[in-house]
Amino acid sequence: MTSILIIVFFPFAASLLLLLLSPALQKINFGTRLGWAISVVPFTCVALILSLLPGVHAGGASTFHIPWVPRYGIELSFLVDGLSILFGLLISGIGFLVVVYSIWYLSEKEDRLKFYLYLMMFMGAMLGVVFSNNLFGLFTFWELTSVSSFMLIGFWYHKDVSRYGATKALVITGVGGIAMLAGFIVLYSITGTFDISEILLMGDVIRASDFYVPALILIFLGCATKSAQFPFHVWLPNAMEAPTPVSAYLHSATMVKAGIFLVARLSPAFSGTAFWTGLVAGVGLTTMVVGGYMAIRQTDLKGLLAYSTISQLGMIMAMLGFGTQYSAEAAIVHIINHAGFKAALFMIVGIIDHGCGTRDLTYVGGLKKEMPHSFKIALVGCLSMAGLPIFGGFISKEMFYESTLHMPYSGFPYLIPFIAVSASIFTFAYSFKFLIWGFFYDAPKSPPHHPHEAPALGLFSPALLAIIVVLLGIAPGFFAHGVLELAASAVSGKTADLNLALWHGVNTPLIMSFFTVVIGIFLFMRLKKVVSVQDKLSEKVPWLSPNFVYNKGFLEGIPPLTQACMRWFQSGNLKQYLSVIITFVMLSTFGLSISQGNPLTFARLFQTELNFVHLLTFILLIVASLATVCFKNRISAILALGMTGFLVAFFYVLMGAPDLALTQFLVESVAVILILLVFYFLPPYFKEAPPQRTKISDISISVLVGSVMTYYMLMVMDSHLTETIAGYYLEVSEKLAGGRNVVNVVIVDFRGLDTMFEIAVFSIAALGVYGMLKLKKKPKHISKVLGSK
Amino acid sequence: MNSLIFKTITKVVSPILMIFSLYLLLRGHQLPGGGFIAGLMTSAGFVMIYLAYGCERFDFKHRSRVFYFMFSGGLALSFLTGLAGLFVGGYFLKSGVAHVEMPLIHENWEFASAAVFDIGVYLVVCGVCVSLMTLLGEEE
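Residues numbered from 1 in each chain as written. Chains lettered and ligands numbered in written order. Predicted model: local features only at pLDDT ≥ 70, side-chain atom pairs only at ≥ 80, totals over all residues. Heavy atoms only, no water.

Asks: Tell me about the overall build of chain A, and name the residues and values.
Replies: Regarding its fold elements, chain A presents 33 helices and two strands. For the C-alpha atoms alone, the extent of chain A along its principal axes is close to 105 × 60 × 55 Å. Within chain A, buried positions represent 50% of all 789 residues. With an accessible surface of roughly 37,400 Å², chain A has 71% of that area assigned to carbon and sulfur atoms. Here chain A carries 48 positive and 38 negative side-chain charges, and the mean point of each set is 13 Å from the other. (Helix = DSSP H or I, 4+ residues; strand = E, 2+ residues; numbered from the N terminus. Buried < 20%, exposed > 50% of the residue type's maximum accessible area, 1.4 Å probe, protein only. Areas by Shrake-Rupley, 256 points an atom, 1.4 Å probe, with all protein chains shown as cover. Lys, Arg positive; Asp, Glu negative; His and termini not counted. Charge placed at Lys NZ, Arg CZ, Asp CG, Glu CD.)

Now the structure itself:
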């Protein structure tokens, strides 16, 4: 099972290697060789995933664990079953084609190194998502895909639109990711495990739980944002600012299917209730209609494909939402169909963009003559997308219709098939808009360059995908028995038996398809009129678009709010910070211990024996503290403060704590000198007396701290010493850690992690001082940094 | 601080402080001492030198990098000890003790991985304190 580790971590290793070698690589002219070298990574992953397939055929799902935080059940754990293999093959297979395509697509001027670095990081993260068997592992990889997507959308970061798109994608998917994490925790409270394969067996417990609905909603928020479901779909069209290979890979074939994947993965545990169907299928169908409605409006070919992706994702989501075994099979079949034709079409758009210098349908048209090969590929892709026979898209659309006819929990038996048909009419129309406008009709304006066909290297990947799309239509059995059945049975929880065929005889779905085509052609003929009506509508009611909510509500609404909060919290006055922190800590902990503690008995207070030396130390301590407050001269005040420290240290000596005393002495000596150095910057005398109000608040805080600490002292004295851990440490220190100095053993061994963080904080403080003092010297430099927007 | 008495005392005391601090560091696991205390004591030695001589005997100003490396290196050392525990012992910061018969002197010496961690603590504490001192002092 080590091959699963290689599958997930090989891309990460490649990414890391690129990062480490980048200084060296930037000096040499690697040309296209880098791309070829990188293509080895996805190719290896494809081979390794295929090698896992026989095992799944023979013995079903298998898992593989590496403990991470064992106490909390968090581990790096992988699940190999039909679903993860199907997605793994999609990710690495299309990954390979995209890398090959990008060798042609990215010119010499582009930063190829950075591109492959992020692309490999994404591939590893995505493979991690689909193979994870632990919710936390899945979440970690999930967030990594968001981060790498952010980097790739912002690949041309000098463009405003790229940065806008990247931020939008990160914000929306990030918020969804956090909701999903909360959902995972709720799910844990139901099941008591983070292990996905165990969770999948606990479906009845989960569905019966009171937390079923909140867990489902929170996790679904994560899936819906990631898979661009309405109303969170708005990030996907803006993500099209990424280079085309990225759009083909992340934003159509793989990353946006992560949400679909998780819904599919968790459907044995969650599906089968009316709420599930209402939520998942409801959102999916809405998305499908909205995506189709928006897609026919687009003149930018990539925008058209983006909205079409949204629509298709909605369709898959809806099928998963129906929750029947048949609909699960249909969803799986459509996942692979969609990945095939959509990636091919995106690559064709990249070729058109390269060839014409634009991809806008107002400039691009009639490319059939200039781009004969691209045309053939686009023909296959568009016809499959439109759901016409002999292509894979036809089979899955028929299955979709069939599943709408038999969906459970539907109050209106004709409504769902009606929605399905109307959404598919949009699909038909925009598929033909892509094909006919792009390759047959002449455009109203001429493109910047005279169109030319891409070389064989650029055509290789989309052509291969087109062949697969055709094969999916004419020989579906090969794919079905190879992996699709296994995937479908992982989703539905029952053994699937897929009998895919193009011809099922004349039945209801075929009649529905017939109407789709007829009305689709009609809509396509009237497309210009429809679009002008749509434009008028969106002009009149702009607030109907979720984009409006994001731009006005989020981008313009949130910053003033955060700024107001920030100004209130971060006033820049250190004294105010400290007063707030100290008062809060004191009152909250005091309140907590009062509500839980027993009344004070003072029993041991009066048993304590005090001698003359103790008393003298006390008195000196009080005098020194008063002096610290009363001195008008800063240096005297610091020395008096040091004095209190030394007296406390002396007290440790009296009580027999040499380690503490030694530490305290040294801390005081070094601290006094450091404070003196700091105070070099300040005037020697304190400013004029603070106002009365400040004095009162200072005194009340001091009194509060003093009394709370006194209370704690008394409380500690009341408690029984046998309950403390000291005895245990004394006993096991030498045996477990080989040290007789228990204080030190506690510091470096038993509580080693605490110490590590302490020294880390200590180092960070030094870095902070460095920044403050070194940057202060160059005010020009700072203003440059802040002013360079 | 231009005082002959202080300069003379520094000459005698600061080496003792530093050597004694190393002694405290190495014995820390068994007897009072340890990385934190030793680090503070070493920095106290540096503070003395700095106060007595400024940059005249040791060029704190131009050699401040030494101390930056000291605390970053110390932090790395502690972290690597933790990682070593992860790979050898099974979890992060897992400690181990080895008893080794030393050649020539034929004594049984004990090596605790926690002591290496402690050296990291020592380097961080000392490095940070002296860095802070030089940073603040540079402004004078």
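Asks: Run through empty space enclosed by the protein, naming residues and quoting values.
Replies: Residue and element names in this part refer to chain A. Applying the stated criterion across every chain yields a total of five cavities of 30 Å³ or more. What the largest cavity holds in volume is close to 80 Å³. Lining the largest cavity are 13 residues, and of these Gln312, Met315, Met385, Lys397 and Thr427 lie nearest its centre. Mapped by element, the contributors of at least two residues to the lining of the largest cavity are helix H14 (301-322), helix H15 (325-356), helix H16 (372-386), helix H17 (392-405) and helix H18 (415-439). A per-element tally of the lining of the largest cavity places H16 first, with three residues. Tallied by class, the residues present in the lining of the largest cavity amount to five nonpolar, seven polar and one charged. (1 Å grid on protein atoms, 1.4 Å probe; cavity = no way out; pocket = protein on both sides within 12 Å on 5 of 7 lines; lining within 4 Å. Points joined across faces, edges and corners; volume = space filled by probe spheres on them. Nonpolar A, V, L, I, M, F, W, Y, C, P; charged D, E, K, R; others polar.)

Asks: Talk me through the side chain of Ser593(A); I want residue IDs and the actual numbers.
Replies: All names here are of chain A. Relative to the assigned elements, Ser593 resides in helix H25 (residues 574-596). Take Ser593: its relative accessible area is 12%, and that puts it in the buried class. Not counting the four nearest positions on each side in its chain, Ser593 is found in contact with Tyr711, Tyr712 and Met715. (Contact = heavy atoms within 4.5 Å.)

Asks: Requested: an account of H18(A), with residues and values cited.
Replies: The end-to-end C-alpha separation of H18(A) is 36 Å, in line with the 36 Å expected for 25 residues at 1.5 Å each. When you tally the buried positions in H18(A), you get 22 out of 25 residues, the bulk of the element. (Expected span 1.5 Å × (residues − 1).)

Asks: An account of the packing of aromatic side chains is requested, with residue identities and associated values reported.
Replies: Tallied over the full model, the rule gives 37 aromatic pairs over all chains. Plain terms: the ring middles of Phe12(A) and Phe141(A) are 6.1 Å apart, the flat faces sit at 25° to each other, and that makes the pair stacked. Residue Phe12(A) is located in helix H1 (residues 2-27), and its partner Phe141(A) is located in helix H5 (residues 135-153); the two are separated by 129 residues in the primary sequence. Pair check on accessibility: Phe12(A) and Phe141(A) agree, each one buried. Considering the side-chain rings of Tyr50(B) and Phe60(B), the 5.0 Å spacing of their centres and the 80° angle between planes classify their relative orientation as edge-to-face. Of this pair, Tyr50(B) sits in helix H2 (residues 35-53) while Phe60(B) sits in the loop between H2 and helix H3 (64-89), and the two are ten residues apart along the sequence. Using a relative accessible area of 12% as the deciding quantity, one classes Tyr50(B) as buried. The exposure class of Phe60(B) is buried, given its relative accessible area of 1%. Members of the aromatic cluster, joined through ring pairs, are Phe115(A), Tyr116(A), Phe155(A) and Trp156(A). (Phe/Tyr/Trp six-rings, centres within 6.5 Å; stacked < 30°, edge-to-face > 60°.)

Asks: Report on the layout of surface pockets, specifying residues and quantitative values.
Replies: All names here are of chain A. A volume near 2,600 Å³ is recorded for the largest pocket. What lines the largest pocket is a set of 47 residues, and nearest its centre among them are Ser625, Thr628, Val629, Leu641 and Ser702. Those elements that place two or more of their residues in the lining of the largest pocket are H25, helix H26 (612-630), helix H27 (634-654), helix H28 (658-679) and helix H29 (692-718). The greatest single-element share of the lining of the largest pocket, amounting to twelve residues, is contributed by H29.

Asks: An account of the packing of helix H4 (residues 112-131) of chain A against helix H11 (residues 244-253) of chain A is needed here, citing residue identities and associated values.
Replies: Residues and elements named next belong to chain A. The contact between H4 and H11 brings their axes to 12 Å, and the two run at 5°. Considering their axes alone, H4 and H11 lie roughly parallel with respect to each other. Note on element contacts: H11 touches H4 through Pro245, Val246, Tyr249 and Leu250, opposite Phe115, Leu119, Phe122 and Met123. (Axes fitted to C-alpha atoms, helices over the stretch in contact; angles between N-to-C directions. Parallel < 35°, antiparallel > 145°, perpendicular 65-115°, else oblique.)

Asks: Break down the interface of chain B and chain A for me, with residues and values.
Replies: At the interface, 43 residues of chain B touch 39 residues of chain A. Overall, the association of chain B and chain A removes approximately 3,700 Å² of surface from exposure, summing both partners, and the carbon and sulfur fraction of that is 75%. The tally of links between chain B and chain A comes to zero salt bridges. The interface formed by chain B and chain A contains five residue pairs in polar contact (both at pLDDT 80 or more). Those elements that provide at least two residues to the side of chain B that touches chain A are H2, H3 and helix H4 (113-138) of chain B. When residues of the side of chain B that touches chain A are assigned to their parent elements, the largest contribution, 14 residues, is made by H4(B). Residues that form the side of chain B that touches chain A fall into these classes: 28 nonpolar, ten polar and five charged. (Buried area = accessible area lost by both parts, 1.4 Å probe. Salt bridge = Lys/Arg side-chain N within 4 Å of Asp/Glu carboxyl O. Polar contact = N/O pair within 3.5 Å; in protein donor to acceptor, adjacent residues only side chain to side chain.)

Asks: Which residues make up the packing of H25(A) against H29(A), and what values do they have?
Replies: Residues and elements named next belong to chain A. Axis separation between H25 and H29 bottoms out at 10 Å; the angle between their running directions is 35°. Crossing of H25 over H29 shows left-handed handedness. Residues Lys575, Ser579, Ile582, Thr583, Met586, Leu587, Thr589, Phe590, Ser593 and Ile594 of H25 pack against Thr694, Asp698, Ile701, Leu704, Val705, Val708, Met709, Tyr711, Tyr712 and Met715 of H29. Broken down by class, the residue content of the contact of H25 with H29 amounts to 13 nonpolar, five polar and two charged. (Left-handed = near helix turned anticlockwise from the far one by under 90°.)

Asks: Go over the side chain of Arg359(A) with me, naming the residues and quoting the values.
Replies: All names here are of chain A. Within the secondary structure layout, Arg359 lies in the loop between H15 and H16. Of the residues examined, Arg359 reaches a relative accessible area of 17% and is grouped as buried. At 2.8 Å, the side chain of Arg359 and the side chain of Asp300 are in polar contact. Dropping the residues within four chain positions of it, Arg359 is found in contact with Met240, Thr299, Asp300, Leu301, Lys302, Val349, Asp353 and Val364.

Asks: Tell me about the pattern of salt bridges, residues and numbers included.
Replies: Residues and elements named next belong to chain A. Applying the stated criterion to the full structure yields nine salt bridges over all chains. For Asp204, the salt bridge identified is with Arg207, shortest N-O distance 3.4 Å. Of this pair, Asp204 and Arg207 both sit in helix H8 (residues 203-208), three residues apart, which is roughly one turn of the helix. A residue is classified by how much of its surface remains accessible, and Asp204, at 62% relative accessible area, is exposed. Note on Arg207: relative accessible area 26%, which makes it partly exposed. The partner of Asp353 in a salt bridge is Arg359, and the shortest N-O contact between them spans 3.3 Å. As far as burial versus exposure is concerned, Asp353 and Arg359 are alike and both buried. Several salt bridges converge on common partners, so that one network encompasses Asp300, Asp353 and Arg359.

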